[in-house]
Amino acid sequence: METTYVMIKPDGVQRGLVSEILGRFERKGLKLVGLKSMVPGEDVARAHYDVHKERPFFPGLIKFITSGPVVCMAWEGVDAIAVARKLIGATNGRQAEPGTIRGDFGMDMGFNMIHGSDAPETAAFELGLWFPEGLMSWDNTMGAWVYE
Ligand code: DAT
Ligand code: MG
């Protein structure tokens, strides 16, 4: 079992895609263990994108992420990190496969609506950063029909 950090970015919220995006993870069979919404402060945004701090697009990325509400989610499942990245699709919506979130709704690199952790180490870091209060522990009866 893995848990991954997924976040609907301000463009996804502004475009009214919250339920559509959240529903895809829910219907896939992932288990929701964290959910909240906030307008991120600059500190958390900079920490989240620290790996990109030397890139030319970094200032614009921080401005964008702090521009409005994001929806923070933690999803648990077998290989949840890779499964979420597959649902999300390639970074640039114009190249992302149809059927993926970015492939179905995106036309841009920066405005790509959603973030998903890319490895166990980044997932652990991002979950701790966005959910310092911890995650929910619960038995989902659905799980019995998701994994044989
Ligand atoms: P991903 O979100 O697919 O993991 P990433 O980690 O490489 O992509 O980049 C983080 C975000 O930064 C990405 O979702 C959009 C933005 N970004 C990446 N490369 C960019 C570029 N060349 N120009 C503008 N924004 C970029
Ligand atoms: Mg990334």
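Residues numbered from 1 in each chain as written. Chains lettered and ligands numbered in written order. Predicted model: local features only at pLDDT ≥ 70, side-chain atom pairs only at ≥ 80, totals over all residues. Heavy atoms only, no water.

## Observations regarding helix H4 (residues 58–65)
Okay, so step 1: Those residues of H4 that fall on the buried side of the exposure criterion are Phe58, Leu61, Ile62, Phe64 and Ile65. For H4, the angular spread of buried residues about the axis comes to 160 degrees, placing them on one side. The outward face of H4, more than 90 degrees from its buried face, is lined by the exposed residues Pro59 and Lys63. (Buried < 20%, exposed > 50% of the residue type's maximum accessible area, 1.4 Å probe, protein only. Helix = DSSP H or I, 4+ residues; strand = E, 2+ residues; numbered from the N terminus. Arc of directions from axis to C-beta.)

## Considerations on the pattern of salt bridges
Okay, so step 1: Under the definition given, this model contains 6 salt bridges.
Okay, so step 2: As a salt-bridge pair, Arg24 and Glu20 come within 2.8 Å of each other at their nearest N and O atoms. Here Arg24 and its partner Glu20 are both found in helix H2 (residues 18–28), 4 residues apart, which amounts to about one turn of the helix.
Okay, so step 3: Exposure remark for Glu20: the relative accessible area of 29% places this residue in the partly exposed category.
Okay, so step 4: In this structure, a network of salt bridges that share partners links the residues Glu20, Arg24 and Asp104. (Salt bridge = Lys/Arg side-chain N within 4 Å of Asp/Glu carboxyl O.)

## As for the site of ligand 1
Okay, so step 1: The local shell around ligand 1 consists of Lys9, Tyr49, His52, Phe57, Leu61, Arg85, Thr91, Arg102, Met109 and Asn112.
Okay, so step 2: One nitrogen or oxygen atom from the side chain of His52 is found 3.1 Å from an oxygen atom belonging to ligand 1.
Okay, so step 3: Isolated, ligand 1 exposes 510 Å² of accessible area, and the fraction of that covered by the protein chains is 75%.
Okay, so step 4: The pocket occupied by ligand 1, as judged from atoms lying within 2 Å of grid points, is the largest pocket. (Near = heavy atom within 4 Å. Polar contact = N/O pair within 3.5 Å; in protein donor to acceptor, adjacent residues only side chain to side chain. Areas by Shrake-Rupley, 256 points an atom, 1.4 Å probe, with all protein chains shown as cover. 1 Å grid on protein atoms, 1.4 Å probe; cavity = no way out; pocket = protein on both sides within 12 Å on 5 of 7 lines; lining within 4 Å. Sits in = over half its atoms within 2 Å of the grid points.)

## Considerations on the layout of surface pockets
Okay, so step 1: The volume enclosed by the largest pocket comes to roughly 640 Å³.
Okay, so step 2: What lines the largest pocket is a set of 26 residues, and nearest its centre among them are Tyr49, His52, Phe57, Leu61 and His115.
Okay, so step 3: Those elements giving two or more residues to the lining of the largest pocket turn out to be helix H3 (42–48), H4, strand S4 (114–116) and helix H7 (120–130).
Okay, so step 4: Looking at side-chain class alone, the lining of the largest pocket contains 10 nonpolar, 9 polar and 7 charged residues. (Points joined across faces, edges and corners; volume = space filled by probe spheres on them. Nonpolar A, V, L, I, M, F, W, Y, C, P; charged D, E, K, R; others polar.)

## Quick word on the sheet that holds S4
Sheets are built from strands paired through backbone hydrogen bonds, the pairs being either parallel or antiparallel.
Okay, so step 1: Spatially, S2-S3-S1-S4 is the arrangement adopted by the 4 strands of the open sheet, whose pairing is antiparallel. Every interior strand has two partners, whereas the edge strands, strand S2 (31–38) and S4, have only one. On average, each strand axis in the sheet is inclined to that of its neighbour by 15 degrees, with strand direction left out of account.
Okay, so step 2: Across the sheet, helix H5 (residues 80–88) lies against strand S1 (2–8), strand S3 (70–77) and S4, angled at about 30 degrees from S1, the strand it touches most. (Pairing = 2+ DSSP bridges. Axes fitted to C-alpha atoms, helices over the stretch in contact; angles between N-to-C directions. Contact = heavy atoms within 4.5 Å.)

## Examining the packing of aromatic side chains
Okay, so step 1: Following the criterion strictly, the structure yields 4 aromatic pairs and no others.
Okay, so step 2: Plain terms: the ring middles of Tyr5 and Phe131 are 6.2 Å apart, the flat faces sit at 70 degrees to each other, and that makes the pair edge-to-face. Of this pair, Tyr5 sits in strand S1 while Phe131 is found in the segment after H7, placing the two residues 126 residues apart along the sequence.
Okay, so step 3: Look at Tyr5 and you get buried, because its relative accessible area is 0%.
Okay, so step 4: One aromatic cluster is present, formed by Tyr5, Trp130 and Phe131 through successive ring pairs. (Phe/Tyr/Trp six-rings, centres within 6.5 Å; stacked < 30°, edge-to-face > 60°.)

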